[in-house]
Structure formats: structure tokens, C-alpha cells
Amino acid sequence: MLDIKLIRENPEIVRNAIKRKHTNVDLEMILELDKNKRELQTRIEKARSDRNKLSKEITKASVEEKASIISEVEKIKEFLKEAEPRFNDMEKELNYQLLLLPGIPHETVPDGNSDEDSIEIKRVGDIPEFDFEIKDHLEIGKSWFDFYRGAKVAGSRTVYLKGIGALLEQAVLQLALNHLLEKGFTLFSVPQMVKEMAMEGTGFLPRGQEECYFLERDERYLIGTSEVPLVSYHADEIFSAKELPKKYAGFSTCYRREAGAAGKDTKGLYRIHQFQKIEQVVFCINDLEESKKWHYELLNNAEEILQLLELPYRVVIVCAGEMGLPQHFKHDIECYMPGRKNYGETMSCSTMHDFQARRLNIKYREGTDLKYCHTLNNTAIATPRILIPLIEIHQQKDGSIYLPRALRKYMNNREKIERED
RNA sequence: GGAGAGGUGGCCGAGCGGCCGAAGGCAGGCGCCUGCUAAGCGUCUGAGGGGAAACUCUCCGAGGGUUCGAAUCCCUCCCUCUCCGCCA
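Rules and cut-offs
- The numbering scheme is per chain: residues are counted from 1 as the chain's sequence reads.
- Following the order in which they are written, the chains are lettered starting with A and the ligands numbered starting with 1.
- Predicted model: local features are reported for residues with pLDDT of at least 70 only, side-chain atom pairs are reported and counted for 80 or more only, and whole-chain, interface and lining totals are derived from all residues.
- To get the side-chain values, take all heavy atoms of the structure and skip hydrogens and water.
- To get an axis, fit a line to the C-alpha atoms, keeping to the stretch in contact for a helix; angles then go from 0 to 180 degrees between the N-to-C directions.
- Comment: elements are numbered from the N terminus, with helices defined as DSSP H or I runs of at least four residues and strands as E runs of at least two.
- The scheme is simple: roughly parallel for angles under 35 degrees, roughly antiparallel for over 145, roughly perpendicular for 65 to 115, oblique for anything else.
- Helix crossings are classified by the rotation of the near helix relative to the far one: an anticlockwise turn of less than a right angle makes the crossing left-handed, while a clockwise turn makes it right-handed.
- Amino acids are sorted into nonpolar (Ala, Val, Leu, Ile, Met, Phe, Trp, Tyr, Cys and Pro), charged (Asp, Glu, Lys and Arg) and polar (every other residue, Gly among them).
- Any Lys or Arg side-chain nitrogen located within 4 Å of an Asp or Glu carboxyl oxygen qualifies as a salt bridge.
- Between buried and exposed lies partly exposed: a residue is buried under 20% and exposed over 50% of the maximum accessible area for its type, with that area taken using a 1.4 Å probe on protein chains only.
- What qualifies as a polar contact is a pair of N or O atoms within 3.5 Å, subject to a donor-acceptor requirement within protein and to the restriction that residues adjacent in sequence count only when both atoms come from side chains.
- In this description, contact between two residues means that some pair of their heavy atoms is separated by no more than 4.5 Å.

What to know about the packing of helix α3 (residues 27-57) against helix α4 (residues 63-100)
Turning to step 1, where the next piece is worked out: Closest axis-to-axis distance for the α3/α4 pair is 8 Å, and the angle between their directions is 150°. By the angle class used here, α3 and α4 are roughly antiparallel. In terms of crossing hand, the pair formed by α3 and α4 is left-handed.
Turning to step 2, where the next piece is worked out: Class assignment of the residues belonging to the contact of α3 with α4 gives a composition of 17 nonpolar, three polar and 12 charged.

Structural notes on the pattern of salt bridges
Turning to step 1, where the next piece is worked out: Inspection of the entire model under this criterion finds 23 salt bridges.
Turning to step 2, where the next piece is worked out: One salt bridge connects R123 with E120, and the closest N-O pair in it is separated by 2.6 Å.
Turning to step 3, where the next piece is worked out: A relative accessible area of 32% means that E120 is categorised as partly exposed.
Turning to step 4, where the next piece is worked out: Here E303 and K122 are joined by a salt bridge, their closest N and O atoms 2.9 Å apart. Pair noted here: E303 is in helix α10 (residues 288-308) and K122 is in strand β1 (residues 119-124), with a separation of 181 residues, a long-range link.
Turning to step 5, where the next piece is worked out: E303 sits in the buried class, given a relative accessible area of 4%.
Turning to step 6, where the next piece is worked out: Among the residues examined, K122 registers a relative accessible area of 35% and is labelled partly exposed.

Points about the side chain of H234
Turning to step 1, where the next piece is worked out: Structurally, H234 can be placed in the loop between α9 (227-232) and β8 (238-240).
Turning to step 2, where the next piece is worked out: Assessed through its relative accessible area of 6%, H234 is described here as buried.
Turning to step 3, where the next piece is worked out: At 2.8 Å, the side chain of H234 forms a polar contact with the side chain of E237.
Turning to step 4, where the next piece is worked out: Once residues within four sequence positions are removed from consideration, H234 is found in contact with F239, Y248, F283 and I362.

In C-alpha cells, the structure reads:
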């Protein structure tokens, strides 16, 4: 959500953001609507003010004066009866339109509309030289990932993780979780069915309707990330400045319809409807330097987890057109996936500025001022996607899989996974 | 699912037709006092919107209604708590 005053006073900033994020919203219509709304508001408030005054006078009025006051109030009420619903409709429409406006990308965010326009800023870790014919994760894990039964029972893009596959999933989750606990994050297990308010407040609705599962009978949405319940956790609350930052780690299953991705990444673990994720969420004060600091800390935490998993990766600055509606600044971390012969996104780190805090009304008190918080989030680990590079990178010539040192204690202390035929 | 109680400012809590945007307390800001700390004294402090300003409107869980006038009365819904039942 953007500040309506910013929109009124600096429409060109908003216009530019709309263009850069390749959004379609009619800003001129919004400005016009806002103007009309305020005009009507002035008239309504004048009428209400008159009515309130007359009502106060009535206590000390004589009997005949009362009759005339009442008839005058009747006239005012008649006007309000007509004008108020009209005003409410305008306000509702305006609020809806405002929900469609994108967050403003930081000026350093590159323009562009596709992955190629994003800027790689670093590569970490070596891509191993395989002196044998490599297998992709499906081949390596053919007995651990059961897509056939997944489809039979739950439809396409669904998988059973079985045996080692399920164990690996738990292991990477544990590793990431412990890493965040060491960094002082508070772990949350969150509701996975939420009200519209939480989806809207975090910016996944009203745009993004197609991407969410909705339980019609109970009017609940399945979350696509624990960011939704975690950020909404503090909706309508006011922190004191010294309580901030809040560092939260959310664990949940995530549900995504992948509506816009028909035919894309149809094979394997890369893009499925349901997965597990630990997410980092930070609430901090409304200060760009401060949120930048936390942004890089979140980014660093994720990188450290990949380093613990001994996976080669690169970090990119995501271009404006590829960013989500709320985001102000965003990095993706991509792991090298030998089976794809390319890097694939495994984590995504975003600064939301006060976009979500405005929608959810999350503030803090600083002296006598109330200010909107900044919110940030980044993946800590998302599985099973992360298993793709994990087993592809660590596959050995003899068919076994090397287990990174940090992961072993979560895998019953084994050093590798033996080939099984 | 059944029965009862309740939802008021950052928090607790009084108010039950106009004098109430709301007593009192806590917390916080400022000032005084104190060798330091604690205590004490005084004082200020709800939020959101419109307007250049004066000023004004809205908000006491949400939405309707009654009334010249609603935190207060009526209806509907939501939520929380207690007891009972059922059950992972």
C-alpha cells in the first residue's frame, strides 16, 4: 500500500513504479476518484457538523423551537441518506484501486522484464567437474521421489518423498532451523489457512488470486509462504521502538497453484504445488539504512546455509519487472543444478519497505511519533527444491551421494548415501 | 455442538441515552526534587481522515436499526473466556 499523499503529491513517482513493474493500473482514474471523493466528503462533513450542532441545541430549546429544529435535521438526514452510500462506494472503489498499486522499487533496481535483466553480483563455491556421466535428481532419487503415486493420489505436480528423500527433507529443515536459532530468531509454527485480510495485507491479494488455493466453504486461503501469517501476526499492533527488530523464523507447508506456469518446469521437484519452507521475517524501524542492514543479514544467513550444504550458488539483484507487487528491493539466490545445466532459484530475499506494514497497520512508537515498520523476508530453506542441487552436486562416480559435514548429524551421522540398486 | 460471561485508548479498567473521545490506574514524554539509583511531586499523552488555516468529521469487536441525539437501547454476525458434550 502506498501513502495516498505520496500519490497525490508525487504522481510521477508512482507512475514510474507502475511502468517499471509492468503493472496495469489507471493512476489518472485513481487521482480523479480521490479528488471526487474528497469533494463529497467535505459536503457530507458539513452536513454532519450542522446536524450535530442542532442536536446539541435541542436540549435547551423551547417546545416550538424543537419542532423546527427537528424538521431541519430531517432535511439534513435526507441529504445524508443519499450521499453517504455514494461516498462509501467511492471509498471502497478507491481502496480497491490502491491495493493494486505496486510498491516502489529502489532506484538502484535495474529495469527489465525477465531473468536476463537481473544482475548477477557474485558466485560462490565451485561447480564440480564430473568425470563421469551425471544423472539428474530424478534419476538419482528414483526410489525416493514418487511422482507416479503423487499424480495418482493428488494430481500433477505432486510428489511423495519416501525413505531417504523424506529423511533428507527433514535433515535440511533441521539444519536451517538450527542455524537461525543460533542467530537469535524465534521459531514459529504458523496457521496455514488464513483469512483474506492476511493475504491482502502481505500483498498476495487481490492480484495473485489465481496463484492461491481458496477454501470456499470456510473462506480461508492456503498460504504460499509462512511470510503471510508471520507478518500478519502483528497486524494492528504498535511496537515501541526498542522492541524492534523482531526476528522470526516461520515453518510451514506452502501451497501454490502455479497457475501461470503451465508447461514450465513440469518435470521433477523444481515446481510443485506443495512444499516445506522455513522463512526468515524481520520487522524493523522505518529507516532505509536499518532495513538495508537487515536485508543483507537475511541474505547472509541464507548464503551460510548453502555453504553448510556445500552448494555452489550465485546471487542476483532482481530487476523491477520480475519483482513482486510489494517489493522494494530483492535478491535471488540461485544454486547450480547440474541436471538443468544452469542455476535455479532456491531463495529469495526481499525488502518490502512499509508496503506490508501500511496494509496491515503495523506501527511503532518513536518519541511521540507513530511510524509504519519496515518488513523483510528471505527463505532459509525450501524443500524439496533444495534437494535438487544437493543430490545432483554431491553425486559420486560410484553412485553414492556425499553428505556435507554439517548435514550428517541430521542423517544419523552417515557420511554418504550408498548407491542402492 | 449445547449453556453462560464478555469484547472500551499502548495495556488494565469504569461508564449503560445528551455534561463521554471517554473516569481511574499502569506505561510513556517533559519539568522539579534527589550526591547516584529507587521513590516522590507537578504536567502532558488515543487513533484515522478532510482542510492553507480556523476548524471539522469518523472511530468504544463488525454490520444494520431505533432516536433530534447511541459506547450506552434493539437486531444480525464475528471473536475471546468459563462450564458441559464429542474427538484427533
